[in-house]
Amino acid sequence: INDIKQSSRDKEVFYRKMLHDFIHLLAWYGCRVGELRNLRWNNVTIKADGSAVVEFTHTKTHRNRVCQAKNMGVVFNRIRDYATHQGEHDFVFSRYESNRREQCTRENLYNRFIQLKDVVKLKHENFDLKKVLYCFRHYFITLRIEAGQSTIDIARYTGTSLNQIEKHYYSS
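Residues numbered from 1 in each chain as written. Predicted model: local features only at pLDDT ≥ 70, side-chain atom pairs only at ≥ 80, totals over all residues. Heavy atoms only, no water.

Q: Help me out: how do you make sense of the sheet that holds strand 2 (residues 52-56) in this one?
A: To summarise the sheet geometry, strands pair through backbone hydrogen bonds and adopt either a parallel or an antiparallel arrangement. An order of 1-2-3 is seen for the three strands of this open sheet, with the pairing classed as antiparallel. In this open sheet, the two edge strands, each paired with only one partner strand, are strand 1 (44-46) and strand 3 (65-69). Going across the sheet, the axis of each strand differs from the next one's by a mean of 15°, ignoring polarity. Note: strand 1 against strand 2, three bridges, orientation antiparallel. From the neighbouring strand, Thr-45 faces strand 2, where its bridge partner is Val-53. Running over the sheet, helix 3 (residues 73-82) touches strand 1 and strand 2 and is turned about 115° from strand 1. (Pairing = 2+ DSSP bridges. Helix = DSSP H or I, 4+ residues; strand = E, 2+ residues; numbered from the N terminus. Axes fitted to C-alpha atoms, helices over the stretch in contact; angles between N-to-C directions. Contact = heavy atoms within 4.5 Å.)

Q: Whenever I open this one, the layout of surface pockets confuses me. Can you help?
A: Over the atoms rolls a probe the size of a water molecule, and in doing so it shows where empty space is left. Here the largest pocket defines a volume of roughly 170 Å³. Forming the boundary of the largest pocket are Arg-32, Lys-60, Tyr-134, Arg-137, His-138, Ile-141, Thr-160, Gln-164, Ile-165, His-168 and Tyr-169. Listed by contribution, the elements that provide at least two residues to the lining of the largest pocket are helix 5 (135-146) and helix 7 (162-169). At four residues, the largest contribution of residues to the lining of the largest pocket is made by helix 7. Class assignment of the residues belonging to the lining of the largest pocket gives a composition of four nonpolar, four polar and three charged. (1 Å grid on protein atoms, 1.4 Å probe; cavity = no way out; pocket = protein on both sides within 12 Å on 5 of 7 lines; lining within 4 Å. Points joined across faces, edges and corners; volume = space filled by probe spheres on them. Nonpolar A, V, L, I, M, F, W, Y, C, P; charged D, E, K, R; others polar.)

Q: How should I be thinking about the pairing of strand 2 in this particular structure?
A: In the case of a regular strand, side chains alternate between the two sheet surfaces. Counted residue by residue, strand 2 has four buried out of five residues, so it is predominantly covered. Linking strand 1 to strand 2, which pair antiparallel, is a turn of five residues; within it Gly-50 sits at a positive phi near 90°. Pairing between strand 2 and strand 3: five bridges, direction antiparallel. If you follow Val-54 over to strand 3, its bridge partner there is Cys-67. (Buried < 20%, exposed > 50% of the residue type's maximum accessible area, 1.4 Å probe, protein only.)

Q: Which parts of the structure should I look at to understand the packing of aromatic side chains?
A: The geometry of an aromatic ring pair comes down to the distance between the two centres and the angle between the two planes. According to the stated counting rule, one finds nine aromatic pairs in the structure shown. Between the aromatic rings of Phe-140 and Tyr-157, the centroid separation amounts to 5.4 Å while the plane-to-plane angle is 15°, which identifies the pairing as stacked. Here the residue Phe-140 occupies a position in helix 5, and Tyr-157 occupies one in helix 6 (residues 151-158), the gap between them amounting to 17 residues. Residues Phe-140 and Tyr-157 agree in their burial class; the two are buried. Connected via pairs of aromatic rings, a cluster forms that spans Phe-14, Tyr-15, Tyr-82 and Tyr-96. A cation over an aromatic ring shows up here: Arg-40 above the ring of Phe-91, its NZ or CZ 3.9 Å from the ring centre. (Phe/Tyr/Trp six-rings, centres within 6.5 Å; stacked < 30°, edge-to-face > 60°. Lys NZ or Arg CZ within 6 Å of the ring centre and 35° of its normal.)

Below is the structure:
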């Protein structure tokens, strides 16, 4: 019974760490949830300066996109420390089960995010429970606009249209 409890605890710790890192990368790369879920280790390059270059190959627009973010090598190295599957073609965000080389399910991520929101709501009563994982893409785009980055560059980096950004972020 103690082995079962420990196994269950290890699995919970694994998925909590994964959600933390998943949110971190969503916010720093501005990618879609599905793009990050489909990321494989062979599409991640950690550079000597600590930045990480990522090639998103399963995108909504069906066009590969290469993105780089400073200091994100630390996050990918942290994932490698607890990831159960680390082969070149394995998903960065894979399932906990060591015999299943599958990506973490969308349902798993969303259910754990809901649990996280409920905990935050207990501590911060004004927290908006309507938040979804996709909001971290909006966060990324908003920060880039506020930093003065060109809308064209933001559209290219995030793999969306200029019209979409202007419609959602510049309309009153």
